[in-house]
Amino acid sequence: MLLEIAAAAMIAAAPAPAPTSTVATPPSPAATPAPIASATPVAVAPNALTTPLREVVYNVTSSTLFDDINESYGGGETANPPSSTDIESRNGTVTVDVMAKFEDGVLGIRVFEHWKVPPLPQRFMGGVAPDGTVEFPPSTIDPVTIELLPYFATQFAPPGNLAPGTHWTVVKTYDKSVVSTDYTVTAVGAASITIHKLTTIKALGSETIDGTIAYNPSSFVPLSGKIRVKRTDIFAYGQRQQTVDLTFDRVSDTFDAAPTP
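Positions within a chain are numbered from 1, following the residues in the order the chain's sequence is written. Where local features are concerned, this predicted model is filtered to residues with pLDDT of at least 70; where side-chain atom pairs are given and counted, the filter is 80 or more; whole-chain, interface and lining totals use all residues. Note: side-chain values were computed over all heavy atoms of the structure, leaving out hydrogens and water.

### Focus: the overall build of the chain
This is how it is decided: The helix and strand labels rest on DSSP assignments: H or I over at least four residues marks a helix, E over at least two residues marks a strand, and numbering proceeds from the N terminus. Burial classes: relative accessible area under 20% of the type maximum marks a residue as buried, over 50% as exposed, and values in between as partly exposed (1.4 Å probe, protein chains only). When checking whether two residues touch, look at their non-hydrogen atoms; a contact exists if any pair is within 4.5 Å. Residue exposure ignores everything except the shown protein chains as possible cover, and the areas themselves are Shrake-Rupley values with a 1.4 Å probe.
In terms of regular secondary structure, the chain is built from 2 helices and 11 strands. For the chain, the α and β elements follow one another from N to C terminus as α-β-β-β-β-β-α-β-β-β-β-β-β. A total of 261 residues make up the chain; the buried ones form 42% of that total. When contacts within the chain are restricted to residue pairs at least 6 apart in sequence, those whose partners lie at least 24 apart make up 54%. Carbon and sulfur atoms make up 57% of the accessible area of the chain, which totals about 13100 Å².

Spelled out as structure tokens, the structure:
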């Protein structure tokens, strides 16, 4: 309710701009997964409130396993080994600030990512479309942020009772790739529901995203999640496989302390 009131006041002060969407550039083989989203963030009016309508903070972790399988010709110091494995891990916090809600249901979002390495916080501006599409410039927000943002969407789940077995699919086409995501409610608790997510991405390589998320449908917020992203890229000299394990857990939410209107 507070989100609706504050958003209405913001919209009255400045007409909501119409968000535009373009196709995100596919990530390079060495990059972590990029947002499945448009490259143009949702515009926020210049006089928009600097105080967020809602602020939610998460503890997050990210662990990436790289497995390279290469063909090597010849010898010498520059020859590639037939295969190599590397692991990158990090943890930190992600702060999601809901800065605006537009008349079409799009949310204006400000994100702060604060990783232990590097220690400096990073700030990004973008949006979340009503169906959960993440609209941030490519190569900005981290994969774990990409995974938790869709659950803030105003029309993320279908209307009605979200009973066990409830299922819906979101399909998006971006230039040369097709992204299909299936959501299934697997359990219903007193304060949250459990959702299984499975995404398949058909492009030059292949990618799947499989995870379990605790979601509060009454306040449009993800509570926790464990997600695995598996990506394979094929090259002339071999292939690279990436396995990314992501977790997020909500630690604070200004809506929890908000008085009932």
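### Here we look at the pattern of salt bridges
Filter applied, for reference: Salt bridges, as used here, are contacts in which a Lys or Arg side-chain nitrogen is within 4 Å of a carboxyl oxygen on Asp or Glu.
Taken as a whole, this structure holds 9 salt bridges when the rule is applied. R90 is the salt-bridge partner of D142, the closest N and O atoms lying 2.4 Å from each other. Within this pair, whereas D142 is found in the loop between β5 (134-135) and α2 (143-148), its partner R90 is found in strand β2 (residues 83-101), the two being separated by 52 residues in sequence. Using a relative accessible area of 5% as the deciding quantity, one classes D142 as buried. The exposure class assigned to R90 is partly exposed, which follows from its relative accessible area of 29%. Among the ionic contacts, a cluster of salt bridges with common partners joins R54, R250, D253 and D256.

### Here we look at the side chain of E147
On the secondary structure map, E147 appears in helix α2. Once you skip the residues sitting within four places of it in the chain, E147 turns out to touch K197, I209, I227 and L246.

### Structural notes on the packing of aromatic side chains
Threshold: Put simply, two rings from Phe, Tyr or Trp (the six-membered ring, in Trp's case) pair if the centres are within 6.5 Å, and we call them stacked under 30 degrees between planes, edge-to-face over 60, tilted for the rest.
Taken as a whole and assessed by the stated rule, the structure comprises 9 aromatic pairs. In this structure an aromatic cluster arises from ring pairing among Y151, F156, W168, Y183 and Y215.

### Observations regarding the environment of D253
Put simply, the test is: Side-chain atoms alone can form a polar contact between residues adjacent in sequence; in general such a contact is a pair of N or O atoms within 3.5 Å, and within protein one must be able to donate a hydrogen while the other accepts it.
Tracing the backbone through its elements, the reader meets D253 in strand β11 (residues 238-253). According to the relative accessible area criterion, D253 is buried, its value standing at 6%. Separated by 157 residues in the primary sequence, D253 and V96 place their C-alpha atoms 9.5 Å from one another. A distance of 2.9 Å separates a polar side-chain atom of D253 from the backbone nitrogen of F255.

### A word on the pairing of strand β10 (residues 221-235)
Selection criterion: Strand pairing follows a simple DSSP-based rule, namely that at least 2 bridges must link the two strands.
Relative to β10, strand β9 (residues 206-216) runs antiparallel, the two being bridged by 11 bridges. What sits directly across from E207, in β10, is R231. As consecutive antiparallel partners, β9 and β10 are separated by 4 residues, and within that stretch F220 has a phi angle of approximately 55 degrees, a positive value. Relative to β11, β10 is paired through 12 bridges, and the arrangement is antiparallel. Looking at the pairing, I227 lines up with L246 of β11.

### Quick word on the environment of H114
On the secondary structure map, H114 appears in strand β3 (residues 107-115). Separated by 23 residues in the primary sequence, H114 and N91 have C-alpha atoms spaced 8.7 Å apart. With sequence-adjacent residues up to four places away left out, H114 is seen in contact with G92, T93, P119, L120 and P121. From its side chain, H114 meets the backbone oxygen of P119 in a polar contact 2.7 Å long.

### Concerning unusual backbone geometry
The general pattern is negative phi for most residues beyond glycine and trans for most peptide bonds. Put simply, V117 and P118 share a cis peptide bond, and its omega is -5 degrees. The backbone phi angle of S139 is positive, close to 60 degrees, even though this residue is not glycine. Considering the arrangement of structural elements, one finds S139 in the loop between β5 and α2.

### Some remarks on the pairing of strand β7 (residues 177-188)
Note: strand β6 (residues 167-174) against β7, 8 bridges, orientation antiparallel. Bridging from a neighbouring strand, T173 pairs with V178 of β7. Looking at chain direction, β7 and strand β8 (residues 193-202) are connected through 10 bridges and run antiparallel. Pairing of T184 across the sheet is with H196, part of β8.

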